[in-house]
Amino acid sequence: MNEPPGAPSRRVGVMGGTFDPIHHGHLVAASEVADRFGLDEVIFVPTGRPWQKADRTVSPAEDRYLMTVIATASNPRFAVSRVDLDRDKSTYTVDTLRDLKSQHPDAELYFITGADALSSILGWQDWQELFELARFVGVSRPGFELGAEHLAEHLARLPKDVLTLVEIPALAISSTECRLRARENRPVWYLVPDGVVQYISKRDLYRRDGEPRPDGHITMSPPIQEKN
Ligand SMILES: Nc1ncnc2c1ncn2[C@@H]1O[C@H](COP(=O)(O)OP(=O)(O)OP(=O)(O)O)[C@@H](O)[C@H]1O
Ligand SMILES: O=C(O)c1ccc[n+]([C@@H]2O[C@H](COP(=O)([O-])O)[C@@H](O)[C@H]2O)c1
């Protein structure tokens, strides 16, 4: 929704991700950055077609969107946007930020990203334009420390003062590990919000392609190239 003319500038965080599934590492990152930067809101933006994950099967966009809604529903400062899901092409952050900027013309945008994603930022589509649209906040993640030499070398090529690095409480959780656990019938409780555990079970996500479900149905995850 557009803001009324003359409204004071709001600080809006943007947390993009594939969220397959969303987990507590994502939620803590958003919450910490909101606190440190006094953000009024954090908008979670599930990717539509994450081109950098084209080599693997990704769950249908609507499932990832609904899990993101479930996970964020209880926090009045968290919201979810469909901009990347409703765009009929590969997902690029430059498009995400352009769309959100036009929806929130008076807001200062803060794009939140983990240290792992940050380490490839110079390869992102139109990367120079990204910093005209938003400030970037890179957060620590176990296994991807902010002080790593290769990350520093990569980030040295960015313009000055466009990125702030923030240490956050370390949660060694990844969506990959959650999917693996769900596939092997091991618990994902406490790694993801309770409602997401229940959604994974209800929709039978992360079972092997072609593996029969207890009710005899066969689940096939659509390949990422298909429109979900
Ligand atoms: N445990 C975590 N701590 C901090 N940041 C995280 C954590 N997990 C993911 N992120 C960040 O959240 C954003 C979205 O991540 P994404 O949805 O790809 O999750 P993921 O756990 O990295 O998924 P996958 O294991 O499938 O690659 C990225 O910027 C990523 O760096
Ligand atoms: O714009 C790009 O080229 C680009 C390349 C890689 C990742 N991103 C964004 O970074 C965010 C995290 O991506 P991922 O793959 O870690 O889920 C998500 O919003 C992606 O759209 C964006």
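Just so we're clear, the structure is a prediction, and the values are computed from it rather than from any experiment.

**Topic: the site of ligand 1**
Reasoning step 1: Near ligand 1, the surroundings consist of 18 residues, among which G17, G25, G114, S175 and T176 are the closest.
Reasoning step 2: Breaking the shell around ligand 1 down by element, the ones donating at least two residues are helix 1 (24-37), strand 4 (108-114), helix 5 (115-118) and helix 8 (175-183).
Reasoning step 3: Counting residues per element, the shell around ligand 1 draws most heavily on helix 1, which supplies three residues.
Reasoning step 4: Here the shell around ligand 1 is built from residues that sort into six nonpolar, nine polar and three charged.

**Some thoughts on unusual backbone geometry**
Reasoning step 1: Here the bond from D20 into P21 is cis, since omega is 0°, no more than 30 degrees from zero.
Reasoning step 2: For P21, the location among the structural elements is in the loop between strand 1 (11-17) and helix 1.
Reasoning step 3: Despite not being glycine, D126 shows a phi value in the positive range, around 50°.
Reasoning step 4: For D126, the position within the fold is in the loop between helix 5 and helix 6 (127-133).
Reasoning step 5: D126 sits in the partly exposed class, given 13 other C-beta atoms within 10 Å.
Reasoning step 6: Positioned with a positive phi, N185 is a non-glycine residue whose angle comes to about 60°.
Reasoning step 7: For N185, the position within the fold is in the loop between helix 8 and helix 9 (194-203).

**Regarding the sheet that holds strand 1**
Reasoning step 1: Spatial strand order, 3-2-1-4-5-6: six strands in an open sheet with parallel pairing. In the strand order of this sheet, the two ends are held by strand 3 (78-80) and strand 6 (163-166), each with one partner. For this sheet, the mean angle separating the axes of adjacent strands, direction not counted, is 25°.
Reasoning step 2: The pairing of strand 5 (residues 135-139) with strand 6 spans four bridges and is parallel. Bridge pairing in strand 6 links F136 to L163.
Reasoning step 3: This element, helix 1, spans strand 1, strand 2 (41-46), strand 3, strand 4, strand 5 and strand 6 of the sheet and lies at about 160° to strand 1.

**Section: the site of ligand 2**
Reasoning step 1: Residues in contact with ligand 2 amount to 15 residues; listed here are only the nearest, G16, T18, Y92, T93 and W124.
Reasoning step 2: Residue assignment for the shell around ligand 2 shows that the elements contributing at least two residues are strand 1 and helix 4 (93-103).
Reasoning step 3: For the shell around ligand 2, a count of residues per class yields five nonpolar, nine polar and one charged.

**A look at the pairing of strand 1**
Reasoning step 1: Taking burial as the measure, the seven residues of strand 1 include six buried ones, the bulk of the element.
Reasoning step 2: Relative to strand 4, strand 1 runs parallel, the two sharing five bridges. Each bridged residue has a counterpart across the sheet, and for V12 the counterpart in strand 4 is L109.
Reasoning step 3: Bridge count for strand 1 against strand 2 is six bridges, and the pairing is parallel.

Criteria and thresholds
- Residues numbered from 1 in each chain as written.
- Chains lettered and ligands numbered in written order.
- Predicted model: local features only at pLDDT ≥ 70, side-chain atom pairs only at ≥ 80, totals over all residues.
- Near = placed C-beta within 6 Å.
- Helix = DSSP H or I, 4+ residues; strand = E, 2+ residues; numbered from the N terminus.
- Nonpolar A, V, L, I, M, F, W, Y, C, P; charged D, E, K, R; others polar.
- Buried ≥ 20, exposed ≤ 12 C-beta atoms within 10 Å, placed from the backbone.
- Pairing = 2+ DSSP bridges.
- Axes fitted to C-alpha atoms, helices over the stretch in contact; angles between N-to-C directions.
- Contact = placed C-beta atoms within 7 Å.

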